[in-house]
Amino acid sequence: MESKRIITFLFLLSIFSINSAFPTVLPPAKKSAVVASPLSTHGRWIVDGDGLRVKLSCVNWPSHLELMVAEGLSKQPVDVISKKIFSMGFNCVRLTWPLFLVTNDSLSALTVRQSFQAIGLSESIAGLQANNPSIVDGSLINAFQAVVSNLGDNNLMVILDNHISKPGWCCSGLDGNGFFGDQYFNPDLWIMGLSKMATMFRGISNVVGMSLRNELRGPNQNVTDWYRYMQNGAEAVHLANPDVLVVISGLNFSKDLSFLREQQLNLSFTGKAVFEAHWYGFSNEEAWRDGNTNEVCSCMVDKLMRMSGFLLDQGWPLFISEFGIDLRGTNAIDNRYFAHLSLFILLFYIYI
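Residues numbered from 1 in each chain as written. Predicted model: local features only at pLDDT ≥ 70, side-chain atom pairs only at ≥ 80, totals over all residues. Heavy atoms only, no water.

Here we look at the packing of aromatic side chains
Each aromatic ring pair is characterised by the separation of its centres together with the angle its planes make. To keep it simple, the criterion reads: To pair, rings of Phe, Tyr and Trp, with the six-membered ring standing in for Trp, must have centres within 6.5 Å; the planes then decide the type, stacked if under 30 degrees apart, edge-to-face if over 60, and tilted in the middle. Here a helix means four or more residues in a row that DSSP labels H or I, a strand means two or more in a row labelled E, and each is numbered from the N terminus. The rule is simple: take the accessible area with a 1.4 Å probe, protein chains only, and divide by the maximum for that residue type; under 20% is buried, over 50% is exposed, in between is partly exposed.
Applying the stated criterion across every chain, the model contains 13 aromatic pairs. On the numbers, 5.4 Å between centres and 80° between planes, the contact of Phe275 with Trp316 is edge-to-face. Here Phe275, found in strand E9 (residues 273-278), pairs with Trp316, found in the loop between helix H10 (293-313) and strand E10 (318-322); they are 41 residues apart in sequence, far enough to count as distant. Classification of Trp316 by relative accessible area gives partly exposed; the value is 24%.

A few points about the state of the cysteines
Rules: Put simply, a disulfide is two cysteine sulfurs that come within 2.5 Å.
Within this structure, the stated rule accounts for two disulfides. Between the sulfur of Cys58 and that of Cys92 lies a disulfide, 1.3 Å long from S to S. One end of the pair, Cys58, is in strand E4 (residues 58-61); the other, Cys92, is in strand E5 (residues 92-98), and 34 residues separate them in sequence. Neither residue differs from the other here; Cys58 and Cys92 are each classed as buried. Two residues share a disulfide in this structure: Cys170 and Cys171, whose sulfurs sit 1.4 Å from each other.

A short note on the environment of Asp256
We apply this condition: Two residues qualify as a contact provided that any one of their heavy atoms is within 4.5 Å of a heavy atom in the partner residue. Pairs of N or O atoms within 3.5 Å make up the polar contacts considered here, provided that, within protein, one atom can donate a hydrogen while the other can accept it, and that residues adjacent in sequence are counted only when both atoms are side-chain atoms.
Locating Asp256 in the fold gives a position in the loop between strand E8 (245-248) and E9. Overall, Asp256 belongs to the buried group, its relative accessible area being 19%. Once the C-alpha coordinates of Asp256 and Ala277 are considered, the two residues, 21 residues apart in sequence, prove to be 7.6 Å apart. Once residues lying within four places of it in the same chain are set aside, the contact partners of Asp256 are Gly250, Leu251 and Met307. Here Ser258 takes part through its side chain, which lies 2.6 Å from a polar atom of the side chain of Asp256.

Some details on helix H8 (residues 223-240)
Stated precisely, the cut-off is as follows: Under the convention used throughout, the expected extent of a helix is 1.5 Å for every residue step, that is, one less than its residue count.
The end-to-end C-alpha distance of H8, which contains 18 residues, comes to 26 Å, matching closely the 26 Å that a straight helix rising 1.5 Å per residue would cover. If you check which residues of H8 are buried, you get Trp226, Tyr227, Tyr229, Met230, Gly233, Ala234, Ala236, Val237, His238 and Ala240. Looking at the buried positions of H8, the neighbouring elements they touch are helix H7 (187-200), strand E7 (207-211) and E8. Measuring from the side-chain oxygen of the N-cap residue of H8 to the backbone nitrogen of Thr224 gives 3.3 Å; that N-cap residue is Asn222.

A look at helix H1 (residues 78-87)
So the rule is basically this: Note that the arc is defined by the directions from the helix axis to the C-beta atoms.
Every buried residue of H1 is listed here: Val78, Ile81, Ser82 and Ile85. Looking down the long axis of H1, one finds its buried residues gathered within 100° of arc, a one-sided arrangement. Counted as exposed and oriented over 90 degrees from the buried face of H1: Lys84 and Ser87. On its buried face, H1 is in contact with E4, E5 and helix H6 (140-153). Phi turns positive one or two residues past the end of H1, at Gly89, with a value near 100°.

Structural notes on the nonpolar core
So the rule is basically this: Put simply, buried Ala, Val, Leu, Ile, Met, Phe, Trp, Tyr and Cys residues joined by side-chain atoms within 4.5 Å make one nonpolar core.
One finds Trp61, Leu160 and Trp226 to be the most contacted residues of the largest nonpolar core, which totals 84 residues. No other element matches H10, which puts eight residues into this core. Filtering out sequence-adjacent residues up to four positions away, Leu160 remains in contact with Leu95, Trp97, Phe144, Val148, Met197, Phe201, Val207, Gly209, Met210 and Ser211. Counting residues in hydrophobic clusters, the runner-up holds 13 residues, among them Leu39, Cys92, Met157 and Val208.

Regarding the side chain of Thr103
Relative to the helices and strands, Thr103 resides in helix H2 (residues 100-103). The residues touching Thr103, leaving out its near neighbours within four places in the chain, are Leu189, Met192 and Gly193.

Remarks on the side chain of Asn132
Considering the arrangement of structural elements, one finds Asn132 in the loop between helix H5 (125-131) and H6. The exposure class assigned to Asn132 is buried, which follows from its relative accessible area of 6%. Polar side-chain contacts of Asn132 include one of 2.9 Å to the backbone oxygen of Gln76. In terms of polar contacts, Asn132 uses its side chain to reach the backbone amide nitrogen of Val78, at 2.8 Å. Apart from residues no more than four positions distant in its own chain, Asn132 is found in contact with Leu73, Gln76, Pro77, Val78 and Gly127.

This is the structure we're talking about:
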């Protein structure tokens, strides 16, 4: 996220299906919770192994913070969390992971217990022991695999999201994780990590996608390096695991894909690329606070279409992998933003 505010946000994912005119031919929609993998793309749509259109409705589950363990496992059994997600009507999880989980030997060798102890959370180990005893003395990567497996046991698809390199809160433009060549963002190490993760989950049917990198950002970001490295990352993932969707983010905290209007990525594979974008109210706080709400909404929609929505007209799926609000309902900016986001979903035939 672009903001450092400590606020509870509702993170939802959806596939944007915007068009000025409804398409005349759609793949038939999937009606059951069980999806025939692998997924692929059919024009701007995502379809399953039977050719039926799949509507992704996902939550973000952070596993990229200092602990490198999925949040909440000291409070609830993983199976309880998975079942809760499914019971709320979701069908997938965008599960985040830090690059160093699979590329830094000193970190990846830690057990879950040692990870908690290393940052002074020894008191939480009792909660882990009570709720998820099987992971306490296993490796961090085994704990990550256990979460993915349990999500699959509960009919939940998973999109693995490389959220950051050095484990920690995300994101700042100056945190050293923002763009290729930054302090903690070695492109060669990144590609190696993507390949490792893609290989590790090859054949795991509920892992249906891999997001190459969350929110590229910072003073060093540029289009030339974006094309070079995102193409290399996409190819590495597809080579290691040709079943998964390859989810590709843009620049400026995943808000800008406008450069693709004139030049697309040159990929060797087809039917697997999906683009992603983020949209929060706090990205335009002043406008939502001080402007005419209807005019601001119109401007924001126009901006979104210029920055990423045009990809739908080019025949690409667009994944809104983060949006959200302060759930307390007391933030006027978020309330205005979300009311118009909801209307936007209805008017532009977005399905969630």
